[in-house]
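Understanding the architecture of this molecule
So you can see what is in the structure, the chains are spelled out below.
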Amino acid sequence: MHCYRQANNNVIKEKDYIMENKGSYYITTAIAYTSGKPHIGNTYEAVLADSIARYKRQQGYDVHFQTGTDEHGQKIELKAEAEGITPKDFVDKVSGEVKRLWDLMGTSYDRFIRTTDKDHETQVQKIFKKLYEKGDIYKSTYEGLYCTPCESFWTESQLVDGKCPDCGREVTKAKEEAYFLKLSKYADKLIDHINTHPEFIQPVSRKNEMMNNFLLPGLQDLCVSRSSFKWGIPVDFDDKHVIYVWIDALSNYITGIGYDTDGNNSDDYNKYWPADLHLIGKDIVRFHTIYWPIILMALDVPLPKQVFGHPWLLQGGEKMSKSRGNVIYADDLTDLFGVDAVRYFVLHEMPYENDGIITWELVVERYNSDLANVLGNLLNRTVSMSNKYFDGYVRSTDAKESVDEDLKEVVTKARDIIAGKMNELRVADAISEVFSIFRRCNKYIDETEPWVLARDEAKRDRLSEVLYNLTESICIGANLLEPFMPETSENILLQLRGTKRDYDLLNEYGIYESGTRVTEEPKILFARLDIKEIMAKVEEIRAKQKAEYEAENGIGTEKEKESEEIIDIEAKPEITYDDFSKLQFRVGEIIECNEVPKSKKLLCSKVKIGSQVKQIVSGIKAYYKPEEMVGKKVMVLVNLKPATLAGVVSEGMLLCAEGADGRLSLVSPESDMPSGAEIC
């Protein structure tokens with residue numbers, strides 16, 4: 001390493017500086033379930049963990065970063081059967097796809113573990129047997145409600161609207177012989193640990209949820225084996241049973257670094273356990289903060305230091321569905337924006353505790369505003385001005401002015417501000433702080449106006465100092481950017497001919513060697529994107545998704561086409577815009593509905609439209625009961641001349657769609673619009 005620091009007019013080589021070893025740091029992600037290709041919300045977790053791992057390495061920690069795939073369970077068995085292949089072939093394919101995406105996104109993991117790895121399977125069997133021999137696992141019979149996608153049993157009281165409280169899917173009754181883990185035996189000990197280690201579950205809202213919803217009301221023993229399917233790790237002393245997928249999956253955190261139940265632990269296990277951070281999605285906090293700690297307590301293994309349940313990254317306001325063609329995958333994003341731009345978006349846009357939103361339009365907006373305008377334009381201007389005015393040579397002349405001090409203060413304080421954010425796992429705030437350096441540099445250009453200084457030969461030293469300050473500030477910013485956007489960080493330093501610096505020197509100003517020559521041909525980091533061109537490509541991606549979905553599900557076959565509804569459209573005379581403008585459509589809310597006496601077809605509804613209430617008669621009695629109508633938001637033609645139907649006055653019309661079979665369906669706004677909202 002050949003960085004230099006100027007201090008008191010002396011040049012100090014950074015290679016003479018030895019950074020302190022900060023110790024070990026072990027970080028894990030939840031291992032991805034191999035039921036299908038992970039979307040960008042799943043990929044976000046791997047990128048988030050990678051940014052933390054890279055940051056810790058930059059600080060001087062000996063980091064072990066583990067991720068991987070969870071490959072057992074009934075859901076996998078069923079999917080493999082549907083494809084006509086073995087479960088192992090199925091998970092080999094999906095695990096390979098997960099690893100490909102993680103590699104694509106630059107995740108610097110030290111081990112990618114698979115729960116079908118033999119060393120893992122062997123230790124899981126030994127863990128199960130040890131807990132059985134201790135009496136913490138016992139055999140009994142389970143009868144309850146089972147959710148196949150979640151691999152979880154539930155009681156009637158735990159269901160939400162009769163469905164799985166985790167995923168909202170249907171549950172089925174199941175009864176079978178099973179082994180159980182004595183959760184209740186360790187509940188008080190776990191509660192005490194949580195109370196005495198406030199940092200253990202983060203954010204605090206997740207801790208409160210676990211305490212109030214599960215621990216304090218009392219834990220029921222957990223069913224930890226299944227006998228109704230075979231795709232799992234067998235209980236080696238009772239081969240009718242396979243081990244519960246969550247015991248299998250959770251154990252990876254210790255098996256992956258060499259834990260052995262017999263005490264023959266590896267050097268890596270002795271160095272890295274207990275884990276510093278389990279990074280997981282908020283939907284699986286219960287498994288990681290109740291089941292996993294109790295398993296560890298039963299094994300007499302120390303608990304991890306912290307479990308962080310991050311929020312979700314949601315697709316706009318709508319549900320991701322391949323049938324709709326709206327699932328966003330990391331590889332599609334990187335094809336259009338590049339890896340580091342995608343890393344920037346998911347890290348910057350995800351709040352600490354609340355769910356984040358991703359849409360193609362938002363990515364383009366952030367790309368253009370932050371990456372192209374703030375960062376890309378700054379680097380290009382700085383390199384171009386250095387070449388234009390000084391043949392690319394950047395020199396410090398000590399021609400200082402007061403405006404320089406504020407720039408230097410922002411730059412030199414950034415490292416410690418970022419450290420505070422990262423210590424709290426506020427990664428979005430940390431990356432924003434890095435960009436505050438680049439924003440301050442852009443402001444510095446406006447303040448110093450290098451193009452004006454260049455016109456005056458007497459101010460040549462001042463111009464040189466301004467460009468040196470810009471170059472040094474960008475170099476520091478690029479070093480701080482490395483954990484989040486490693487490729488971009490390297491690219492910036494290459495163009496400035498700067499160097500990668502030790503973390504402990506990132507609050508020092510003046511290390512960039514005076515007299516260095518920047519690249520002669522600056523390259524655009526992030527060129528502005530045309531939203532229309534991007535969205536045209538997005539439509540191609542969506543069409544491809546739909547086609548794949550239809551092929552996978554047999555949609556579009558001749559047999560399927562024969563059963564499709566074909567609706568002939570009867571053409572009516574064209575109307576003008578003036579004709580259409582006479583019609584007034586509003587959103588209405590039905591507040592009362594009754595059958596019209598002596599009529600087989602009509603319902604009479606009281607419809608609230610803004611501050612008005614209109615009475616509207618509709619011929620939909622065959623399709624809706626009066627009690628079903630109340631509370632519906634509907635589309636209403638409000639300026640229709642009143643008419644009397646079956647002796648009842650009607651003051652408008654409810655809009656309906658008619659199917660090929662003549663069935664009517666009320667037309668409702670897709671999102672929850674207020675009563676009286678105009679339809680235009």
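As shown above, the structure is provided for reference.
Read on for an overview of the structure. (Residues numbered from 1 in each chain as written. Predicted model: local features only at pLDDT ≥ 70, side-chain atom pairs only at ≥ 80, totals over all residues. Heavy atoms only, no water.)

Here we take up the pairing of strand β3 (residues 23-29). For β3, the buried fraction is high: five of the seven residues fall into the buried class. Sheet analysis places β3 next to strand β5 (residues 61-70), joined by six bridges and oriented parallel. Bridge pairing in β5 links Tyr26 to His64. Pairing of β3 with strand β14 (residues 277-281) involves three bridges; the strand directions are parallel. Directly across from Thr29, in β14, lies its bridge partner Leu279. (Buried < 20%, exposed > 50% of the residue type's maximum accessible area, 1.4 Å probe, protein only. Helix = DSSP H or I, 4+ residues; strand = E, 2+ residues; numbered from the N terminus. Pairing = 2+ DSSP bridges.)

We now examine empty space enclosed by the protein. Throughout the structure, instances matching the rule amount to one cavity of 30 Å³ or more. Of the volumes computed, that of the largest cavity is approximately 50 Å³. The wall of the largest cavity is formed by His72, Gly73, Tyr146, Glu151, Arg226, Phe229, Trp231, Gly232, Val242, Ile243, Tyr244 and Val245. In the lining of the largest cavity, the residues fall into seven nonpolar, three polar and two charged. (1 Å grid on protein atoms, 1.4 Å probe; cavity = no way out; pocket = protein on both sides within 12 Å on 5 of 7 lines; lining within 4 Å. Points joined across faces, edges and corners; volume = space filled by probe spheres on them. Nonpolar A, V, L, I, M, F, W, Y, C, P; charged D, E, K, R; others polar.)

Aromatic rings considered in pairs are described by the distance between their centres and by the relative angle of their planes. A complete count under the given rule lists 23 aromatic pairs for this structure. The interplanar angle of 85 degrees and the centroid separation of 5.7 Å between the aromatic rings of Phe128 and Tyr179 together place this pair among those described as edge-to-face. Remark: Tyr179 occurs in strand β9 (residues 172-181) and Phe128 occurs in helix α4 (residues 118-134); sequence separation between them is 51 residues. Each residue in the set Tyr26, Tyr253, Tyr272, Trp273 and Trp292 is aromatic and connected to the rest through ring pairs, giving one cluster. A cation over a ring is seen here: Arg286 above Phe287, with NZ or CZ 4.5 Å from the ring centre. (Phe/Tyr/Trp six-rings, centres within 6.5 Å; stacked < 30°, edge-to-face > 60°. Lys NZ or Arg CZ within 6 Å of the ring centre and 35° of its normal.)

What follows concerns unusual backbone geometry. With an omega of -10 degrees, the peptide bond running from Gln202 to Pro203 counts as cis. Counting through the fold element by element, Pro203 comes out in the loop between β10 (201-202) and α6 (204-215). Look at the link from Trp273 to Pro274: it is a cis peptide, with omega at 5 degrees. The topology assignment puts Pro274 in the loop between α9 (267-272) and β14. Look at Glu449: it is not a glycine, yet its phi comes out positive at around 50 degrees. Mapped onto the elements, Glu449 comes out in the loop between α15 (427-448) and α16 (450-453). Even without a glycine there, the phi angle at Arg497 is positive, about 55 degrees. Along the chain, Arg497 turns up in the loop between α18 (486-496) and β19 (516-517).

Let us look at the environment of Asp236. Position of Asp236 among the secondary structure elements: in the loop between β12 (225-226) and β13 (242-243). By relative accessible area, which is 43% here, Asp236 ends up partly exposed. Separated by 160 residues in the primary sequence, Asp236 and Ile76 place their C-alpha atoms 21 Å from one another. Setting aside its immediate chain neighbours within four residues, Asp236 contacts Gln125 and Lys129. (Contact = heavy atoms within 4.5 Å.)

Moving on, we come to the pattern of salt bridges. Throughout the structure, instances matching the rule amount to 46 salt bridges. One salt bridge connects Lys139 with Asp238, and the closest N-O pair in it is separated by 3.0 Å. Of this pair, Lys139 sits in strand β7 (residues 137-147) while Asp238 sits in the loop between β12 and β13, placing them 99 residues apart in sequence. The partly exposed category is assigned to Lys139, whose relative accessible area is 38%. Residue Asp238 is classed as buried on the basis of its relative accessible area, which comes to 10%. Shared partners join several salt bridges into a network, and the residues in it are Lys37, Glu97, Arg100 and Asp331. (Salt bridge = Lys/Arg side-chain N within 4 Å of Asp/Glu carboxyl O.)

As enumerated under the stated definition, the model contains zero disulfides in all. The structure places no disulfide on Cys223, whose sulfur is separated from the nearest cysteine sulfur, that of Cys147, by 14 Å. Residue classification places Cys223 among the buried positions, given a relative accessible area of 6%. Not engaged in a disulfide, the cysteine Cys656 finds its nearest cysteine sulfur in Cys593; these two sulfurs lie 12 Å apart. (Disulfide = S-S within 2.5 Å.)

Our next topic: the sheet that holds β9. Taking strand neighbours across the sheet as the criterion, the four strands line up as β8-β7-β9-β11 in an open arrangement whose pairing is antiparallel. Taken across any chain shown, the strands that pair with only one partner, and hence form the sheet edges, are β8 (152-154) and β11 (222-223). Looking at chain direction, β9 and β11 are connected through two bridges and run antiparallel. Bridge pairing links Phe180 to Cys223 in β11.

Let's shift gears to the nonpolar core. One finds Ile52, Phe337, Phe435 and Phe438 to be the most contacted residues of the largest nonpolar core, which totals 105 residues. Of all the elements, helix α13 (residues 360-390) adds the most residues to this core, at 14 residues. Counting 55 residues, the second-largest nonpolar core is a separate cluster that includes Leu183, Trp292, Ile295 and Val307. (Core = buried A, V, L, I, M, F, W, Y, C linked by side-chain atoms within 4.5 Å.)

Looking now at the layout of surface pockets. Space left empty within the atom packing is revealed by a probe, the size of a water molecule, rolled over the atoms. Here the second largest pocket defines a volume of roughly 770 Å³. As for the second largest pocket, its lining consists of 36 residues, of which Trp154, Gln158, Phe214, Arg286 and Tyr291 are closest to the centre. Elements with a contribution of two residues or more to the lining of the second largest pocket: β7, β8, α6, β11, β12 and α10 (285-299). Residues that form the lining of the second largest pocket fall into these classes: 20 nonpolar, seven polar and nine charged.

Turning to helix α14 (residues 402-423), a few remarks are in order. A rise of 1.5 Å per residue sets the reference length of α14, with its 22 residues, at 32 Å; its end C-alpha atoms lie 33 Å apart and thus fit the reference within 8%. Along its buried surface, α14 packs onto α1 (40-59), α15 and α17 (460-481). (Expected span 1.5 Å × (residues − 1).)

Across the interface, helix α11 (residues 330-337) lies against helix α19 (residues 531-552) with an axial gap of 11 Å and an inter-helix angle of 155 degrees. Between α11 and α19, the crossing angle belongs to the class labelled roughly antiparallel. In the packing of α11 onto α19, the handedness of the crossing is right-handed. Counted together, Asp332, Leu336 and Phe337 of α11 and Ile534, Lys537, Val538, Ile541 and Gln545 of α19 form the full contact between these two elements. Of the residues that constitute the contact of α11 with α19, the class distribution is five nonpolar, one polar and two charged. (Axes fitted to C-alpha atoms, helices over the stretch in contact; angles between N-to-C directions. Parallel < 35°, antiparallel > 145°, perpendicular 65-115°, else oblique. Left-handed = near helix turned anticlockwise from the far one by under 90°.)

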